[in-house]
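# Working through the structure, step by step
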Amino acid sequence: MKPAPFEYVRPSSRAEAVAALATHGDDGKAIAGGQSLVAAMNFRLARPAVLVDLNGATDLDYLRPEGGKLRIGALTRHAAFHRPVVEGPLGVLLARVVRNIAHYPIRQRGTFTGSLAHADPASEWCLVSRTLGAEMVIANTGGERVCAAADFFRGTFTTAVGTEDLLAEARLPLLGPNWRSGFFEFSRRAGDFALAMSLAALEIEGGVIRAARLGVGGVADRPLRLEALEAQLVGQAPSAALFAGMGEAARDLITPTEDIHASADYRRDLIRTVVNRALTQAAS
Amino acid sequence: MADKRAVTLNVNGKDYRITVEPRRTLADALRDDCGLTGTHIGCEHGVCGACTVLVDNRPVRSCLMFAVQAEGRNVRTVEGLANGEELHPLQKAFWEKHGLQCGFCTPGFLMLATGILEAEPDISDEDLRDVLSSNLCRCTGYQNIIKAVRAAASEMRACQPSASL
Ligand SMILES: Cc1cc2nc3c(=O)[nH]c(=O)nc-3n(C[C@H](O)[C@H](O)[C@H](O)COP(=O)(O)OP(=O)(O)OC[C@H]3O[C@@H](n4cnc5c(N)ncnc54)[C@H](O)[C@@H]3O)c2cc1C
Ligand code: FES
Ligand code: FES
């Protein structure tokens, strides 16, 4: 199908974009990569009256480590992460995850922050942001605020970003040299959204887990961070039995969603497997 | 109805001055306004890849972009591949390796393959398969498409300076 008519505005800076979103209020909608929004518009599931195109706001196009964080501007495409973007474990983690997002041509246009603002429950970047404790920088005409990942994701396609807000930046904490990561996703076909996925990051020193991050995505209305299990991992030596036990514990902790793609029971099985595999990869 | 605007699209090195509503997708503009019907439209939601074209040398879904967004960019479509009567190495390889049957998916696959081979001439077999999994083909079973792109890769390496990512 074809999208419904809309007015098109193309601000040329972050400040202009913020002003345009304020001017158009409920009628306006930001478009970044368009890889979720245009599909929804073609189906007429979304009918914004005014499209505020962020692609001309070149001051949103940046990606750099600063003050212990990786700062990801709103025009950073998925494809930017195909190769490690920073030295150390975080760059490796992001390069490992990005290959699971959609397909190569979609990754040329889709943006990191667009994924967060869209908040598909099966979004890989949402899982990364929640698990690693990202901060989101939300701007409007009143200024900017920083929102923690724990407060950012509010449900399916729902976040802390209001209609007049611009998600200007996401900040991921850089991981020190002793961190390693693992990611495992199950989907039915290459490029499909995950039925279940897990991200694990472990800081291992002297054969012992010093710190852990563990998250599961695609199984609930938002990405889940399993802090209770993270605490159990700390102080332990990595082992197959430990990780298998974590998989089972994760399965028992989560009440998964059920849809036409998978029953709750099937997803429970998947949770056990993806958590075990992500942890095993992280420790290997 | 939103006002139409004058948009200049540069496609295969040639300027097309068209007048379109903002809601006109790049795919529709190429076909209906520029008369370049080589770019095909299947699903209109990014899944099939029939509409894949190059924008600033990167493969993108032209059904998920608006024509107004392509102004000032460099668009390349399947019509720009051959040099007069001489087929592009990828087109030749698709022919020789039976990389097509009905041909509906072929323009999309050709542009996807052109984009990836220009960016990464030495791409591994595994990565190439992964990139080619971006597009759908209902006829060939994919194996001959992979063979064709592999065959073209060596020829393109021999005759083209590699573009960087
Ligand atoms: C075939 C296909 C398969 C896909 N598979 C996956 C997958 O496996 N995993 C996955 O995570 N995604 C997948 N996607 C979606 C893709 O990753 C999108 O790029 C992403 O969801 C949205 O990013 P975008 O930049 O394209 O945003 P857009 O489509 O431009 O926008 C999406 C929404 O976010 C809002 N928005 C965007 N940026 C901002 C901003 N800076 N501030 C405020 N609001 C903003 C828009 O208003 C809109 O509501 C797939 C898409 C397709 C077409
Ligand atoms: S028509 Fe664009 S991807 Fe199917
Ligand atoms: S050749 Fe018929 S769809 Fe690919």
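Reading the values: rules and limits
All residue numbers refer to positions counted from 1 along the written sequence of the respective chain. The order in which chains are written sets their letters, starting at A; the order in which ligands are written sets their numbers, starting at 1. In keeping with the predicted nature of the model, local features appear solely for residues at pLDDT of at least 70, side-chain atom pairs appear and are counted solely at 80 or more, and the whole-chain, interface and lining totals rest on all residues. In computing side-chain values, all of the structure's heavy atoms are included and hydrogens and water are not. We count a stretch as a helix when DSSP gives it H or I for four or more residues in a row; a strand needs E for two or more, and each element gets its number in order from the N terminus. Atoms counted for the radius of gyration: C-alpha only. Globule rule: 2.2 Å times the number of residues to the power 0.38. Partly exposed describes any residue whose relative accessible area lies between the buried limit of under 20% and the exposed limit of over 50%, with all areas from a 1.4 Å probe on protein chains only and scaled to the type maximum. Pairs of residues are marked as contacts when any of their non-hydrogen atoms sit within 4.5 Å. For the accessible areas, the method is Shrake-Rupley and the probe is 1.4 Å, while residue cover comes only from the protein chains on display. Asp and Glu are treated as the negative residues and Lys and Arg as the positive ones, with His and the ends of the chain left uncounted. In this description, the location of a charge corresponds to atom NZ of lysine, CZ of arginine, CG of aspartate or CD of glutamate. In short, DSSP must find at least two bridges between two strands for them to pair. Here, axes are lines fitted to C-alpha atoms. For helices the fit covers the stretch in contact, and angles between N-to-C directions go from 0 to 180 degrees. Here a residue is near a molecule or strand as soon as one of its heavy atoms is found within 4 Å of it. Residues adjacent in sequence count toward polar contacts only when both atoms are side-chain atoms; beyond that, a polar contact is any pair of N or O atoms within 3.5 Å, and within protein one must be able to donate a hydrogen and the other to accept it. When residue character is reported, Ala, Val, Leu, Ile, Met, Phe, Trp, Tyr, Cys and Pro are called nonpolar, Asp, Glu, Lys and Arg charged, and the others, Gly included, polar. The predictor rates its confidence in each residue with pLDDT, a number between 0 and 100. What gets called buried area is simply the loss in accessible area from a 1.4 Å probe that two parts show on being joined, summed for both. Any carboxyl oxygen of Asp or Glu that lies within 4 Å of a side-chain nitrogen of Lys or Arg is treated as forming a salt bridge with it. What is meant by a nonpolar core is a set of buried Ala, Val, Leu, Ile, Met, Phe, Trp, Tyr and Cys residues, joined one to another through side-chain atoms within 4.5 Å. For classification purposes, angles smaller than 35 degrees are called roughly parallel, those larger than 145 roughly antiparallel, those between 65 and 115 roughly perpendicular, and all remaining angles oblique. Should the near helix be turned anticlockwise from the far one by less than a right angle, the crossing is left-handed, and should it be turned clockwise, the crossing is right-handed.

Quick look at the overall build of chain B now. When helices and strands are counted, chain B shows 5 helices and 5 strands. Ordering the α and β elements of chain B from the N terminus gives β-β-α-β-β-β-α-α-α-α. For a compact globule of 165 residues, the expected C-alpha radius of gyration is about 15 Å, and chain B comes in at 16 Å, within 12% of that figure. Looking at the 165 residues of chain B, the share that counts as buried comes to 52%. Residue pairs in contact within chain B that sit at least 24 positions apart in sequence constitute 56% of those at least 6 positions apart. With an accessible surface of roughly 7500 Å², chain B has 46% of that area assigned to carbon and sulfur atoms. Put simply, chain B has 18 plus and 21 minus side-chain charges, and the middle of one group is 2 Å from the middle of the other.

All names here are of chain A. Strand order in the open sheet formed by 5 strands is 4-5-10-6-7, and the pairing between neighbours is antiparallel. With one partner strand each, in any of the chains shown, strand 4 (63-66) and strand 7 (143-148) form the two edges of the open sheet. Within this sheet the neighbouring strands show an average axis-to-axis angle of 25°, counted without direction. The pairing of strand 5 (residues 69-73) with strand 10 (residues 166-173) spans 5 bridges and is antiparallel. From the neighbouring strand, Ile-72 faces strand 10, where its bridge partner is Ala-170.

Take the site of ligand 1 next. Residues and elements named next belong to chain A. Contacts to ligand 1 come from 34 residues, most closely from Ala-30, Gly-34, Ser-36, Leu-37 and Thr-111. One of the backbone nitrogen or oxygen atoms of Gly-33 is found 2.8 Å away from an oxygen atom of ligand 1. Contact between ligand 1 and Glu-124: a nitrogen atom at 2.7 Å from a side-chain N or O atom of the residue. Burial of ligand 1 by the protein chains amounts to 94% of its free accessible area of 960 Å². Those elements that provide at least two residues to the shell around ligand 1 are strand 2 (28-31), helix 5 (112-118) and strand 10. At 4 residues, helix 5 tops the list of elements feeding residues into the shell around ligand 1. The residue makeup of the shell around ligand 1, split by class, is 15 nonpolar, 15 polar and 4 charged.

All right, on to the confidence of the model for chain B then. Per-residue confidence for chain B gives a mean pLDDT of 95; residues scoring 70 or more make up 95%. Two numbers describe this predicted complex: its pTM, 0.97, and its ipTM, 0.94.

What follows is about the interface of chain B and chain A. Tallying the contact residues gives 33 residues for chain B and 31 residues for chain A. In this assembly, chain B packs against chain A so that about 2700 Å² is buried in total across both faces, 54% of it on carbon and sulfur atoms. Across the contact surface, chain B and chain A share 4 salt bridges. Arg-83 of chain A is the salt-bridge partner of Glu-120 of chain B, the closest N and O atoms lying 3.7 Å from each other. Scanning the region where chain B abuts chain A turns up 10 residue pairs in polar contact (both at pLDDT 80 or more). Among the secondary structure elements, those contributing two or more residues to the side of chain B that touches chain A are strand 4 (58-61), helix 3 (106-119) and helix 4 (125-132) of chain B.

Time to look at the nonpolar core. Counting residues in each nonpolar core, the largest one holds 37 residues, and the members touching the most others are Leu-94, Leu-116, Trp-125, Val-128, Met-136, Phe-152 and Leu-172 of chain A. Apart from the residues within four sequence positions on either side, Met-136 of chain A is in contact with Leu-116, Ser-129, Arg-145, Val-146, Cys-147, Ala-149, Phe-152, Phe-153, Leu-167, Glu-169 and Ala-170 of chain A. Listed in part, the 34 residues of the second largest apolar core include Leu-37 of chain A together with Val-11, Met-65 and Phe-66 of chain B.

Within a sheet, each strand pairs with its neighbour through backbone hydrogen bonds, oriented either parallel or antiparallel. All names here are of chain B. Across the sheet, which stays open at both edges, the 5 strands sit in the order 2-1-5-3-4 with mixed pairing between neighbours. The two strands at the open ends of the sheet, each matched to only one other strand, are strand 2 (14-20) and strand 4. When strand polarity is set aside, the average angle formed by the axes of neighbouring strands in this sheet is 40°. In this structure, strand 3 (residues 52-55) lies alongside strand 4, joined through 4 bridges in antiparallel fashion.

What follows is about the packing of helix 3 (residues 89-98) of chain A against helix 6 (residues 124-132) of chain A. Residue and element names in this part refer to chain A. Packing of helix 3 against helix 6 brings their axes to within 10 Å, and their N-to-C directions diverge by 150°. Considering the angle they form, helix 3 stands roughly antiparallel to helix 6. Every pair of crossing elements has a handedness; the one defined by helix 3 and helix 6 is right-handed. Residue-level inspection shows Leu-90, Leu-93, Leu-94, Val-97 and Val-98 of helix 3 in contact with helix 6, the latter providing Glu-124, Trp-125, Val-128 and Leu-132. For the contact of helix 3 with helix 6, the residue count by class is 8 nonpolar, no polar and 1 charged.

Bringing the packing of helix 2 (residues 89-96) of chain B against helix 3 of chain B into the picture now. Residues and elements named next belong to chain B. Across the interface, helix 2 lies against helix 3 with an axial gap of 10 Å and an inter-helix angle of 130°. One finds that helix 2 runs oblique with respect to helix 3. Between helix 2 and helix 3 lies a crossing of right-handed hand. When helix 2 is examined against helix 3, the residues Leu-90, Gln-91 and Phe-94 are found in contact with a partner set consisting of Thr-106, Phe-109, Leu-110, Ala-113, Thr-114 and Leu-117. Of the residues that constitute the contact of helix 2 with helix 3, the class distribution is 6 nonpolar, 3 polar and no charged.

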